[in-house]
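So the chains spell out like this:
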Amino acid sequence: MSVSLLEIAQLRELEEKYARILGPDVLMQRAGKAAAEYIRELHPETCTVTVICGPGNNGGDGYVCAKILSELGYQVSVVNVGGKTPKTEQAKEALAAWEATGATIYTDPYDTPKAQIVVDALFGIGQTRALVGEYLDAAMWFNERRALHVSLDIPTGLDSQTGNWVGGRAGCRADATITFLSGKPGLYTSIGKDACGEVQVENLGISIPLTKINLTEVKDFKHVCASRTKNTSKADYGRVGVIGGGKGTVGAALIAARSALYMGAGRVYVELVEEKMDLDPSVPELMFRDKLDLSEMDAVVIGCGLGFSEKAKARFIECLQSDAALVIDADALTMVAGDEELLSLVTHRRAHTVITPHNAEAARILGYPLEEITADRLNRALDLSVLTGAVTVLKGAGTIVCQRSSISWINPTGTPALATAGSGDTLSGMIAAMFAQRYELMDCVLSAVYLHGLAAEGCDSGILASDIAPTAAEFLQALRDSYREHFHPLRERTDPVSWED
Ligand SMILES: NC(=O)C1=CN([C@@H]2O[C@H](COP(=O)(O)OP(=O)(O)OC[C@H]3O[C@@H](n4cnc5c(N)ncnc54)[C@H](O)[C@@H]3O)[C@@H](O)[C@H]2O)[C@@H](O)CC1
Ligand SMILES: Nc1ncnc2c1ncn2[C@@H]1O[C@H](COP(=O)(O)OP(=O)(O)O)[C@@H](O)[C@H]1O
Ligand SMILES: [K+]
């Protein structure tokens, strides 16, 4: 099962339920304690800490955390930013408990002594409007410190749903975020990827319900991680066809095709609509056809470097009418934008269909300005799946995978090293390879997206698109080794991945 990411309404519901069951302040006490323990893990040696607290329950968490850290021997300064009375009873009590220690309460962080750790407890999921005044100043103070920056629940200013800044106003940037009850979608996509630093989820001893938004984990595609049976041949791993080859962009189809081979497709064929090639000397395993017999293909990738010629469009229509699993990428996506006939063919497909737009392609298909996509990538991915009936892979930092049933996954892997020409083509080839090997629909998509991202972990740049699939294949092998080890009846369980549900 995936890791659930809860939306605000679901978090509020849980909060109310457990306030009734456990008492109103128990979750805040647990959150503050978990935060203090997390900070101790990050910096076991006692040191100077400044906690900046806002007017709501996030601030309450901050007061509880401050008191526990102080009891652990850290030298803690606390700021009640703006000096107002907290808005909730629990937060008032938490402030009173800190005051009872006799420590100074600051109202302006600039008055506090220098600290090695700064803790952001300004706002959490209750922030509804852009930061202004003393709160904005406090967030700027936080960012300016040369210290370890820790945010409680979410970095102040971040929209926990979309991963954008509330009201477009930048807030706190943390090195580490401890988030309570469950992960939230905004921590794992868009600006959230930068603002949170390392994310630690602390469920506060509460059982978290399954939800429609998940963070992908390896267990979500464990069937792909099972070893192949030995008595097999290439016929068991299917045929992938890649159709591209617009003038000057042959490479895109070759990259996709090569990736499909690395990810285990039995045979891979290439059809170039405008160009002619019989052999790719760097990948002689690829086979070239003037026109693929679509009925022989298990999976087809169309769009990578395809161009927009009449011939390309006619071929796209034939693919849409075929029974092959189809990955629609790049130029084919642009063709669909504003073309009712093509869109209708997409929606009427019976075989598996995946669309892999980046934000700009998503904007074209939906007919929205780009900003409306980036403002809420999760909901726009859902719009795309509803419009097309296809599984949507909305690419970018925190790629979103979404089904029409409105179940979504945010992919946790990937780095800016993937922001290089051709890496999307690689992903399309990888997805098609999984289809050719006849895994279940979501196993195919989630595994390809996850492994594609994993291949770039630890790098900011310096990766060529054609290097991604070979590295992803190595990671897949490591997962298969771990899986086999785990389920081997005679071996000790030492593998790092937990495979049980
Ligand atoms: N959901 C839960 O079950 C738990 C929540 N806890 C904490 O409680 C937080 C949520 O608490 P709250 O609902 O009090 O929310 P916040 O602490 O985020 O504060 C919201 C308050 O600030 C006001 N506000 C919003 N934006 C503002 C702005 N830009 N300038 C000034 N005021 C603004 C709101 O009107 C509201 O009164 C969570 O993020 C978490 O830290 C934890 O204590 C433990 C459990
Ligand atoms: N900053 C980033 N962090 C994580 N993944 C990224 C980042 N930038 C790009 N990617 C990934 O790289 C790929 C780029 O695809 P795309 O934009 O279609 O490139 P191309 O058209 O050159 O093939 C996508 O899988 C996307 O999710
Ligand atoms: K916060």
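Residues numbered from 1 in each chain as written. Chains lettered and ligands numbered in written order. Predicted model: local features only at pLDDT ≥ 70, side-chain atom pairs only at ≥ 80, totals over all residues. Heavy atoms only, no water.

Describing the site of ligand 2
If you check the shell around ligand 2, you find 18 residues, and the closest are Lys-395, Gly-396, Gly-422, Ser-423 and Gly-424. Backbone polar atom of Asp-425 to an oxygen atom of ligand 2: 3.2 Å apart, as the coordinates give it. In the complex, the protein chains occlude 78% of the 580 Å² of accessible area that ligand 2 would expose alone. Top element by residues in the shell around ligand 2 is helix H15 (residues 423-436). It accounts for four residues. Residues belonging to the shell around ligand 2 are distributed by class as follows: six nonpolar, 10 polar and two charged. (Near = heavy atom within 4 Å. Polar contact = N/O pair within 3.5 Å; in protein donor to acceptor, adjacent residues only side chain to side chain. Areas by Shrake-Rupley, 256 points an atom, 1.4 Å probe, with all protein chains shown as cover. Helix = DSSP H or I, 4+ residues; strand = E, 2+ residues; numbered from the N terminus. Nonpolar A, V, L, I, M, F, W, Y, C, P; charged D, E, K, R; others polar.)

Digging into the UniProt feature "domain: YjeF N-terminal" (unreviewed entry) in the chain
Feature annotation in UniProt places "domain: YjeF N-terminal" (unreviewed entry) on residues 11-212, given in this structure's numbering. Between the end C-alpha atoms of residues 11-212 the distance is 14 Å, and the span holds 35% helix and 17% strand. (UniProt positions renumbered as here; feature names shortened; annotations may be inferred.)

A word on the coordination of the potassium ion (ligand 3)
Think of it this way: four donors in a tetrahedron around the metal ideally sit 109.5 degrees apart, and six in an octahedron ideally sit 90 or 180 degrees apart. In this structure, Asn-58 (OD1), Asp-120 (O), Asp-120 (OD), Phe-123 (O), Leu-152 (O) and Ile-154 (O) serve as the protein donors to the potassium ion (ligand 3), at separations of 2.6 to 3.2 Å. Classification of the site at the potassium ion (ligand 3) rests on its six donor atoms, whose angles at the metal span 56 to 148°, yielding the label irregular. All donor residues of the potassium ion (ligand 3) come from one chain, and their arrangement in sequence is N-x61-D-x2-F-x28-L-x1-I. Residue Asp-120 is found in strand E5 (residues 117-121), and its partner Leu-152 is found in strand E6 (residues 148-152); the two are separated by 32 residues along the sequence. Note on accessibility: Asp-120 and Leu-152 belong to one class, buried. (Donors = N, O, S within 2.8 Å, 3.2 Å for Na, K, Ca; no water. Tetrahedral: all angles 85-135°; square planar, octahedral: opposite > 155°, others 65-115°. Buried < 20%, exposed > 50% of the residue type's maximum accessible area, 1.4 Å probe, protein only.)

What about the pattern of salt bridges?
Considering all chains together, one arrives at 17 salt bridges under this definition. A salt bridge links Arg-12 to Glu-15, with the nearest nitrogen and oxygen atoms 3.2 Å apart. With Arg-12 and Glu-15 both in helix H1 (residues 8-22), this residue pair falls three residues apart, about one helical turn. We note a salt bridge from Lys-33 to Glu-37, for which the minimum N-O separation is 3.4 Å. Here Glu-37 and Lys-33 lie together in helix H2 (residues 26-42), a separation of four residues that amounts to about one turn. The class for Glu-37 is partly exposed, based on a relative accessible area of 36%. Because the salt bridges share partners, they merge into one network encompassing Glu-271, Lys-291, Arg-315 and Glu-318. (Salt bridge = Lys/Arg side-chain N within 4 Å of Asp/Glu carboxyl O.)

Observations regarding the domain arrangement of the chain
Domain assignment breaks the chain into domain 1 (3-210) and domain 2 (218-225 + 233-487). Contacts between the two partners involve nine residues from domain 1, matched on the other side by 12 residues from domain 2. Note on domain 1 versus domain 2: buried area summed over both sides is about 750 Å², and carbon and sulfur give 50% of it. The interface formed by domain 1 and domain 2 contains zero salt bridges. Where domain 1 packs against domain 2, one counts five residue pairs in polar contact (both at pLDDT 80 or more). In terms of residue class, the side of domain 1 that touches domain 2 is made up of three nonpolar, five polar and one charged. (Domains from an automatic or database assignment. Contact = heavy atoms within 4.5 Å. Buried area = accessible area lost by both parts, 1.4 Å probe.)

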